[in-house]
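Coordinates in review
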Amino acid sequence: MKSYMVSRYASLDAYTPGEQPQDMEYIKLNTNESPFPPSPKVTAAISGEEIEKLKLYSDPEGKELRDAVAKYFGFKRENVLLGNGSDEILAFAFFAFCAGEECIFPDISYGFYPVYAQLVGANATEAPLDENFSVDVNDYIGASKTVIIANPNAPTGKALPLSDIEKIVASNPDNVVLIDEAYVDFGGESAISLVHKYENLIVCRTFSKSRSLAGARLGFAVASEGLIADMNRVKYSLNPYNINRLTLLAGKASIEDDEYFLKNVKQIIDNRKYTVSELEKRGFDVLPSSANFVFAKKNGKSGLDLYLELKKRGVLIRRFGKDRIKDYLRITIGTKTQMCKFFEKLDEII
């Protein structure tokens, strides 16, 4: 049939989310969700009375949640922006700082970066990871263009030290540097403290992974007041009521339950150590991970074949098609029971 899409989007290569098949019950180790439920305080916050209030619009400023996030990290409300998932924060940033301009990000990283760059008409440079699948800091020092780096990176799980992040931020004073910290709670060094020092830094975070709220769709950015104001102009031009009432409540309850959050993070880190050890026993090469997943391959085994055989057996993992990483598997860290089941099925194959 005839296409009515405007020509500039006709060749848009859209992001492919992790699959969510419904044909059978799977052990889901493919989309980096938490295996644990949200904090009990989240359940308590979403009462019947609050559900009845869904007839009313949510607070477009998200004042109470922004105050809670600001307090947690030591900032003011004006330093915090809320997004419908961290993906929306990234979208606001690409529209505000990359549209028609130059930007740079790693060639193997979060798949949304090149999509957003194409969407806003940015002139994007994809800097190759080095031979060890690490971000090469030298590609970004003095880049004189908007810098976007996931730290820890995805799908590799590798993280840069805070000292390297600061070098990048300090060397690009006339350009925005966005550090995407979706996985930082699992072992990386957060750059949020640097926001006090550098007005060109945006740190993007999510409630989806470590705080078990992937289905609630909630992310946030911490940055200078000026950068937050710039992204707010985009937000109010696209979607002013971007966070629903129940998600605002869930986010506030979650960030106020640090004990539950820390307990779950520790369990995932412990399960990651177990997973790495068991993979290495089976002859897998595993990249060092600071995330809630590992990136691994077994020499002599096709990544596609392993992915398909595991799926047949009710275990979902993630595989990517780029030549350099086509035999690597990204395996989300689940509960100990889930990981034992994963290895049971893997052993049937190998």
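Residues numbered from 1 in each chain as written. Predicted model: local features only at pLDDT ≥ 70, side-chain atom pairs only at ≥ 80, totals over all residues. Heavy atoms only, no water.

Let us now look at the pattern of salt bridges. Summed over all chains, the structure comprises 22 salt bridges. We note a salt bridge from Lys-311 to Glu-19, for which the minimum N-O separation is 2.9 Å. Pair noted here: Lys-311 is in helix H10 (residues 303-312) and Glu-19 is in the segment before strand E1 (27-28), with a separation of 292 residues, a long-range link. One salt bridge in this structure joins Lys-63 and Asp-59, with 3.2 Å as the shortest N-O distance. Through salt bridges with shared partners, one network takes in Glu-309, Lys-312, Arg-313, Lys-345 and Glu-348. (Salt bridge = Lys/Arg side-chain N within 4 Å of Asp/Glu carboxyl O. Helix = DSSP H or I, 4+ residues; strand = E, 2+ residues; numbered from the N terminus.)

Here we take up the environment of Pro-38. Note that Pro-38 resides in the loop between E1 and helix H1 (40-45). By relative accessible area, which is 30% here, Pro-38 ends up partly exposed. Remark: the alpha-carbon pair of Pro-38 and Ile-228, spanning 190 residues in sequence, is separated by 28 Å. Those residues in contact with Pro-38 that lie beyond four places of it in its chain are Ser-212, Leu-213 and Tyr-260. (Buried < 20%, exposed > 50% of the residue type's maximum accessible area, 1.4 Å probe, protein only. Contact = heavy atoms within 4.5 Å.)

With that out of the way, let us pick up the packing of helix H9 (residues 258-281) against helix H11 (residues 336-349). At their nearest, the axes of H9 and H11 sit 10 Å apart, and the two run at 15° to each other. On the basis of their axis angle, the class for H9 and H11 is roughly parallel. Of the two elements, H9 crosses H11, and the hand of that crossing is right-handed. On the side of H9, the interface is formed by Asn-271, Tyr-274, Thr-275, Glu-278 and Leu-279, while H11 contributes Lys-336, Met-339, Cys-340, Phe-342, Phe-343 and Leu-346. Grouping the constituent residues of the contact of H9 with H11 by class yields 7 nonpolar, 2 polar and 2 charged. (Axes fitted to C-alpha atoms, helices over the stretch in contact; angles between N-to-C directions. Parallel < 35°, antiparallel > 145°, perpendicular 65-115°, else oblique. Left-handed = near helix turned anticlockwise from the far one by under 90°. Nonpolar A, V, L, I, M, F, W, Y, C, P; charged D, E, K, R; others polar.)

If you trace the backbone, Asp-347 turns up in helix H11. Assessed through its relative accessible area of 39%, Asp-347 is described here as partly exposed. Considered as a pair, Asp-347 and Glu-181 are 166 residues apart in the sequence and their alpha carbons are 34 Å apart. In terms of polar contacts, Asp-347 uses its side chain to reach the side chain of Arg-282, at 2.7 Å. (Polar contact = N/O pair within 3.5 Å; in protein donor to acceptor, adjacent residues only side chain to side chain.)

A few words now on the nonpolar core. The biggest cluster of nonpolar side chains holds 48 residues, and the ones touching the most others in it are Tyr-140, Val-147 and Leu-201. Elements that contribute at least two residues to this core include exactly helix H3 (63-73), strand E2 (80-83), strand E5 (146-150), helix H6 (162-170), strand E6 (177-180), strand E7 (201-206), strand E8 (219-223) and helix H8 (245-255). Apart from the residues lying within four places of it in its own chain, the contact partners of Tyr-140 are Ile-104, Phe-105, Pro-106, Ala-127, Val-135, Val-147, Ile-149, Ile-168, Ser-171 and Asn-172. In this structure, Leu-90, Cys-103, Tyr-110 and Val-234 belong to the second largest nonpolar core, which totals 31 residues. (Core = buried A, V, L, I, M, F, W, Y, C linked by side-chain atoms within 4.5 Å.)

Within the open sheet, the 7 strands sit side by side as E2-E8-E7-E6-E5-E3-E4. Their pairing is mixed. The open sheet has two free edges, formed respectively by E2 and strand E4 (123-127), since each of these has just one partner strand. With strand direction ignored, the average angle separating the axes of adjacent strands in the sheet is 20°. Two elements, E7 and E8, share 5 bridges in a ladder whose sense is antiparallel. Across the sheet, Arg-205 pairs through a bridge with Phe-220, a residue of E8. (Pairing = 2+ DSSP bridges.)

Tallying each qualifying case throughout the model produces 16 aromatic pairs. When the ring of Tyr-110 is compared with that of Phe-112, the centres are 5.8 Å apart and the planes differ by 75°; the resulting orientation is edge-to-face. Across this residue pair, the class does not change: Tyr-110 and Phe-112 are buried. Measuring from ring centre to ring centre gives 5.0 Å for Tyr-183 and Phe-293, while their planes differ by 85°; the resulting arrangement is edge-to-face. Taken together, the residues Tyr-183 in the loop between E6 and E7 and Phe-293 in strand E10 (residues 293-298) connect sequence positions 110 residues apart. With relative accessibility at 9%, the residue Tyr-183 sits in the buried group. Judged by relative accessible area, Phe-293 falls into the buried class, the value being 0%. Three or more aromatic residues joined by ring pairs make a cluster, and in this case those are Tyr-15, Phe-94, Phe-105, Tyr-110, Phe-112, Tyr-113 and Tyr-116. (Phe/Tyr/Trp six-rings, centres within 6.5 Å; stacked < 30°, edge-to-face > 60°.)

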